[in-house]
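# A closer look at the structure
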Amino acid sequence: NILILSFFSSPAVVGLYSIAFKIVNVFVQIFGIAGEVLLPSFASDFVKSKQSFTLRFYRARNLLLFLSLLAAAGVIFVSPFISGLLVENQESIELTRIIQWLAVIIIISPLGPLYTIHYILSENYNLLMKVTLITAIFSIVSAYLFTLQLGLNGLIASNLLTYTLISFLLILSLALWRNNA
């Protein structure tokens, strides 16, 4: 994404986006790790009782979504202070705006890793690969087209749409697969 943005924006804009994305990505990674930590426990439940697994899966999902909502709200709240520490004047206002928009990704981020665990435990690798491929293609194409038309705002929109798309496709295809199984 940064490479694409660098073709259509100034180095200053690329730098601001890079800072904002790294700040938000810290929280995205934390929620990704939470999914990895849950994998052994979920695997044990999956083998013992699908009903127990399903119950714990949805409890974990709800808890992670609640925590991610709090984290996103916290990032949005402290973003003016973080921006003020990192850059000066007008750039601080722009960095705050970028962080606040990208913070929405934090809310969506736990869904991808969590639903991926479900696919892995269900041994539904083909469907997982299809979802991953579709999302990867969408990410590259939308980043290019949106950035070409809208600059930085387009890249932010592309990121939000990509995270939303992967979560939506994982949830939808899992539901369709379960109904057909």
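This section reports on the structure supplied with the text. (Residues numbered from 1 in each chain as written. Predicted model: local features only at pLDDT ≥ 70, side-chain atom pairs only at ≥ 80, totals over all residues. Heavy atoms only, no water.)

## Section: the nonpolar core
Stated formally: The definition of a nonpolar core used throughout is a set of buried Ala, Val, Leu, Ile, Met, Phe, Trp, Tyr and Cys residues joined through side-chain atoms within 4.5 Å. The rule is simple: take the accessible area with a 1.4 Å probe, protein chains only, and divide by the maximum for that residue type; under 20% is buried, over 50% is exposed, in between is partly exposed. Numbering of helices and strands starts at the N terminus; helices are DSSP runs of H or I of at least 4 residues and strands are runs of E of at least 2. Should any heavy atoms of two residues lie within 4.5 Å, those residues are counted as being in contact.
If you look at the biggest cluster of nonpolar residues, it comprises 45 residues, and the most contacted ones within it are Tyr 17, Phe 42, Ile 98, Leu 102 and Ile 106. The set of elements that each furnish at least two residues to this core consists of helix H1 (2-8), helix H2 (11-48), helix H3 (50-86), helix H4 (89-102), helix H5 (104-108), helix H6 (111-121), helix H7 (125-150) and helix H8 (152-180). Element by element, the count of residues in this core is highest for H2, at 11 residues. Apart from residues lying up to four places away in sequence, Leu 102 is in contact with Tyr 17, Ala 20, Phe 21, Val 24, Ile 156 and Asn 159.

## Quick word on H3
How we decide: Fitting axes to the seven residues that end at a residue and to the seven that start at it, the angle between those axes gives the bend at that residue.
At Val 78, H3 shows its largest kink, close to 50°, and the proline Pro 80 lies no more than four residues downstream. Among all positions of H3, only Phe 53, Phe 57, Ala 60, Leu 64, Ser 68, Ala 71, Ala 72, Val 75, Ser 79 and Ser 83 are buried. Among the structural elements, H2, H4, H5 and H6 are those in contact with the buried residues of H3.

## Some words on the packing of H6 against H8
What counts, and what does not: Axis definition: a line fitted to C-alpha atoms, limited for helices to the stretch in contact. Angles are taken between N-to-C directions and run from 0 to 180 degrees. By definition in this entry, angles of less than 35 degrees are roughly parallel, angles greater than 145 are roughly antiparallel, angles of 65 to 115 are roughly perpendicular, and the rest are oblique. A clockwise turn of the near helix away from the far one marks a right-handed crossing, whereas an anticlockwise turn of less than a right angle marks a left-handed crossing. Side-chain classes follow a simple rule in which Ala, Val, Leu, Ile, Met, Phe, Trp, Tyr, Cys and Pro form the nonpolar group, Asp, Glu, Lys and Arg form the charged group, and the remainder, Gly included, forms the polar group.
As a packed pair, H6 and H8 sit with axes 9 Å apart at the nearest point and diverge in direction by 25°. Taken together, the axes of H6 and H8 are roughly parallel relative to one another. As for the relative orientation of H6 and H8, their crossing is left-handed in sense. For the pair formed by H6 and H8, the contact residues are Leu 111, Gly 112, Tyr 115, Thr 116, His 118 and Tyr 119 on the first element and Ser 167, Leu 169, Leu 170, Ile 171, Ser 173, Leu 174 and Arg 178 on the second. In terms of residue class, the contact of H6 with H8 is made up of seven nonpolar, five polar and one charged.

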